[in-house]
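Commentary on secondary and tertiary structure
Here are the chains, one letter per residue:
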Amino acid sequence: SQQGEEDPQALSIQEGENATMNCSYKTSINNLQWYRQNSGRGLVHLILIRSNEREKHSGRLRVTLDTSKKSSSLLITASRAADTASYFCATDARWNGTGRRALTFGSGTRLQVQP
Amino acid sequence: NAGVTQTPKFRVLKTGQSMTLLCAQDMNHEYMYWYRQDPGMGLRLIHYSVGEGTTAKGEVPDGYNVSRLKKQNFLLGLESAAPSQTSVYFCASSHTGTSFTGELFFGEGSRLTVL
């Protein structure tokens, strides 16, 4: 089963608007990460937020984390057409039975920014 | 600096054929991973390695084998390909386990079709 689930599955906005994507997870984490994937390309790391942090900024990105609700959100401000991509959250869930943590990904939010 | 390089980028196999995907990283990373990406499923971890000479099973290891004979290379093998293994395969690497630093560096992907 997926550890992280993004919402919405797809989002279409106009250039200049803000885009908000949400991620919910099930088990305790040390950190949560967001990645971006352009069509036909590999994933690129955007930002990492640790479990003891509540908010983090990087350029036009703002990530929040609420461990009590087991949820995170990614906000992209003043979106551009070049932000069109899929966005994935990933958590370092403890692996089944082995005690070793591995990064597990949600199914992603497809963001379309219309010029 | 090439980062993570995957070969081949595309491959078509017939059911029952075997093949090997090669992943090479030039960042001196200890950890390497193989994921598969299917529509609506996000990325799922197949196998991973925490150092030269070590391998471990991930979420969906059945039908795959891996080897890490050299620190910079991580090979993913399919001994008898099945149509269910049609997918896009991503290799990734990290300096340490994700619970310590977090960021994964991904290759551009290898698209495999099994007929």
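Residues numbered from 1 in each chain as written. Chains lettered and ligands numbered in written order. Predicted model: local features only at pLDDT ≥ 70, side-chain atom pairs only at ≥ 80, totals over all residues. Heavy atoms only, no water.

We now examine the environment of Ala 24 of chain B. Residues and elements named next belong to chain B. Locating Ala 24 in the fold gives a position in strand E3 (residues 19-25). A residue is classified by how much of its surface remains accessible, and Ala 24, at 26% relative accessible area, is partly exposed. Those residues in contact with Ala 24 that lie beyond four places of it in its chain are Gly 3, Val 4, Thr 5, Gln 72 and Asn 73. (Helix = DSSP H or I, 4+ residues; strand = E, 2+ residues; numbered from the N terminus. Buried < 20%, exposed > 50% of the residue type's maximum accessible area, 1.4 Å probe, protein only. Contact = heavy atoms within 4.5 Å.)

With that out of the way, let us pick up the interface of chain B and chain A. At the junction of the two partners, chain B supplies 25 residues and chain A supplies 24 residues. With both chains or domains summed, chain B and chain A bury close to 1,900 Å², and 51% of this area falls on carbon and sulfur atoms. Remark: the boundary between chain B and chain A carries one salt bridge. Taken together, the connections running from chain B to chain A amount to four residue pairs in polar contact (both at pLDDT 80 or more). Looking at the side of chain B that touches chain A, the elements with two or more residues in it are strand E4 (31-38) and strand E5 (42-49) of chain B. Of the residues forming the side of chain B that touches chain A, the biggest block, five residues, is contributed by E5 of chain B. Residues belonging to the side of chain B that touches chain A are distributed by class as follows: eleven nonpolar, nine polar and five charged. (Buried area = accessible area lost by both parts, 1.4 Å probe. Salt bridge = Lys/Arg side-chain N within 4 Å of Asp/Glu carboxyl O. Polar contact = N/O pair within 3.5 Å; in protein donor to acceptor, adjacent residues only side chain to side chain. Nonpolar A, V, L, I, M, F, W, Y, C, P; charged D, E, K, R; others polar.)

All right, on to the sheet that holds E3 of chain B then. Residue and element names in this part refer to chain B. Judged by pairing direction, the sheet is antiparallel, and its four strands sit side by side in the order E1-E3-E8-E7 without closing on themselves. Both edges of this open sheet fall to strand E1 (4-7) and strand E7 (65-67), since each of them pairs with a single strand only. Between one strand axis and the next, the sheet turns through 20° on average, direction left out of account. Where E3 meets strand E8 (residues 73-78), six bridges bridge the pair, whose relative direction is antiparallel. Bridged to Thr 20 within E8 is Gly 77. (Pairing = 2+ DSSP bridges. Axes fitted to C-alpha atoms, helices over the stretch in contact; angles between N-to-C directions.)

Between side chains of opposite charge, a pair can form as their charged atoms come close. Tallying each qualifying case throughout the model produces seven salt bridges over all chains. In this structure, Glu 55 of chain A and Arg 62 of chain A form a salt bridge, with 3.2 Å as the shortest nitrogen-oxygen distance. A residue is classified by how much of its surface remains accessible, and Glu 55 of chain A, at 42% relative accessible area, is partly exposed. Residue classification places Arg 62 of chain A among the partly exposed residues on the basis of a relative accessible area of 29%. Between Glu 30 of chain B and Lys 71 of chain B there is a salt bridge, and its shortest N-O distance comes to 2.9 Å. Pair noted here: Glu 30 of chain B is in the loop between E3 and E4 and Lys 71 of chain B is in the loop between E7 and E8, with a separation of 41 residues, a long-range link. Under the relative-accessibility criterion, Glu 30 of chain B is labelled partly exposed at 32%. Classification of Lys 71 of chain B by relative accessible area gives buried; the value is 19%. One network of salt bridges, in which partners are shared, links Arg 36, Arg 60 and Asp 83 of chain A.

When a protein is soluble and globular, its nonpolar side chains tend to lie buried together. Residue and element names in this part refer to chain A. Residues Met 21, Leu 32, Trp 34, Leu 74, Ile 76, Tyr 87 and Leu 111 are the most contacted members of the largest nonpolar core, which totals 20 residues. Going through the elements one at a time, strand E3 (19-25), strand E4 (31-37), strand E5 (43-50), strand E7 (61-66), strand E8 (71-76), strand E9 (85-91) and strand E11 (109-114) are the ones with two or more residues in this core. Element by element, the count of residues in this core is highest for E3, at four residues. (Core = buried A, V, L, I, M, F, W, Y, C linked by side-chain atoms within 4.5 Å.)

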